[in-house]
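Tertiary structure, described
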Amino acid sequence: RSRDVNLHDLEVDVPVWDDEPVTMFARYFEPRSPAPGLPALVCLPGGTYDHHYWDLDVAGAQYSFAREMAGRGYHVVALDNLGTGRSTQPARDSGLVDLAAGAAEVAAELRRRLPDGTPVVGIGHSMGGYGTLRIGMKRPDVFSVLYPMSSCCLMNNPGGNAGQRALWPPICSPKGAWESMPNNLGPVGQALVPLCTPLGSRSFRTRLGDRLLVCRL
């Protein structure tokens, strides 16, 4: 399916900090035959990985999620997280909040390139999964659907202080019970709907404000 894909390298200037310029790199897998009605996919890799996480180069095998989905008609963007690959290596310490802020701007740039009304799905694994959730909570205009997989930083920390325990509550428990997010997460975090229905043995569907959230545990 790789022959059905046009590759574009994107470099997006993002306002993460006022006093340090930041450029986020992403590879855009543009389908040569876009399928009408399909969403665009913005893919955030796990910690220490770059966009090749979604476009693995395996000798003698085709093992690329991005090329496979673009060959099926999806627009796919795979990011280099802040501090990895060809994205800016910050001079200062940076964290997951900064990573999410940069990724949100790349997703917003993709929206500007696509026809109005095209839904955009945020997909992330581990650290990237947290990034998608953070964007959903702080920038509800960016993603139509969130698909975090094995996200980090979303569990209670019994040994931490009260502030830490409030900051990292679970989204969905294996029993399908909803546990609310704290109010300090912003307007979307305050508007969670207590609905969590099992999709399978390790997947759940729920709502984050008016956005669909699919958790794969």
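Reading guide: rules and limits
- Residues numbered from 1 in each chain as written.
- Predicted model: local features only at pLDDT ≥ 70, side-chain atom pairs only at ≥ 80, totals over all residues.
- Heavy atoms only, no water.
- Helix = DSSP H or I, 4+ residues; strand = E, 2+ residues; numbered from the N terminus.
- Buried < 20%, exposed > 50% of the residue type's maximum accessible area, 1.4 Å probe, protein only.
- Contact = heavy atoms within 4.5 Å.
- Areas by Shrake-Rupley, 256 points an atom, 1.4 Å probe, with all protein chains shown as cover.
- Patch = residues over 30% accessible without salt bridge, like charges linked within 9 Å, V, L, I, M, F, W, Y side chains within 5 Å.
- Salt bridge = Lys/Arg side-chain N within 4 Å of Asp/Glu carboxyl O.
- Expected span 1.5 Å × (residues − 1).
- pLDDT = per-residue confidence, 0-100.

1. Some remarks on the overall build of the protein
Looking only at helices and strands, the protein has four helices and 11 strands in total. Burial statistics for the protein: of 217 residues in total, 50% are counted as buried. Considering only contacts in the protein between residues 6 or more positions apart, those separated by 24 or more positions represent 63%. Here the protein has roughly 10,800 Å² of accessible surface; of this, 50% comes from carbon and sulfur atoms.

2. With respect to a nonpolar patch on the surface
A contiguous nonpolar surface patch, about 280 Å² in accessible area, is contributed by Leu56, Val58 and Tyr63. Residue placement: Leu56 occurs in strand β4 (residues 56–58). For Leu56, a relative accessible area of 36% puts it in the partly exposed group.

3. Describing helix α2 (residues 96–113)
Helix length check: α2 (18 residues) gives 26 Å between terminal C-alpha atoms against 26 Å at 1.5 Å per residue, within 8%. Along α2, the residues classified as buried are Leu96, Asp98, Leu99, Ala100, Gly102, Ala103, Ala104, Val106, Ala107, Ala108, Glu109 and Leu110. Against the buried residues of α2 lie β1 (5–14), β2 (22–31), β3 (40–44), β6 (75–79) and α3 (127–138).

4. Some remarks on the confidence of the model for the protein
Per-residue pLDDT for the protein averages 74, and the proportion of residues at 70 or more is 69%. The element-level mean pLDDT for the protein is lowest in strand β9 (residues 193–200), coming to 32, with β6 highest at 96. Note that residues 156–206 has pLDDT below 50 and, in this model, 96 contacts with residues that lie over four places away or in other chains.

5. What to know about α3
Compared with an ideal rise of 1.5 Å per residue, which puts 12 residues at 16 Å, α3 spans 17 Å between its outermost C-alpha atoms and is within 8% of the ideal. Of all 12 residues in α3, 11 are buried, a share of seventy percent or more. Residues of α3 that are buried include every one of Met127, Gly128, Gly129, Tyr130, Gly131, Thr132, Leu133, Arg134, Ile135, Gly136 and Met137, and no others.

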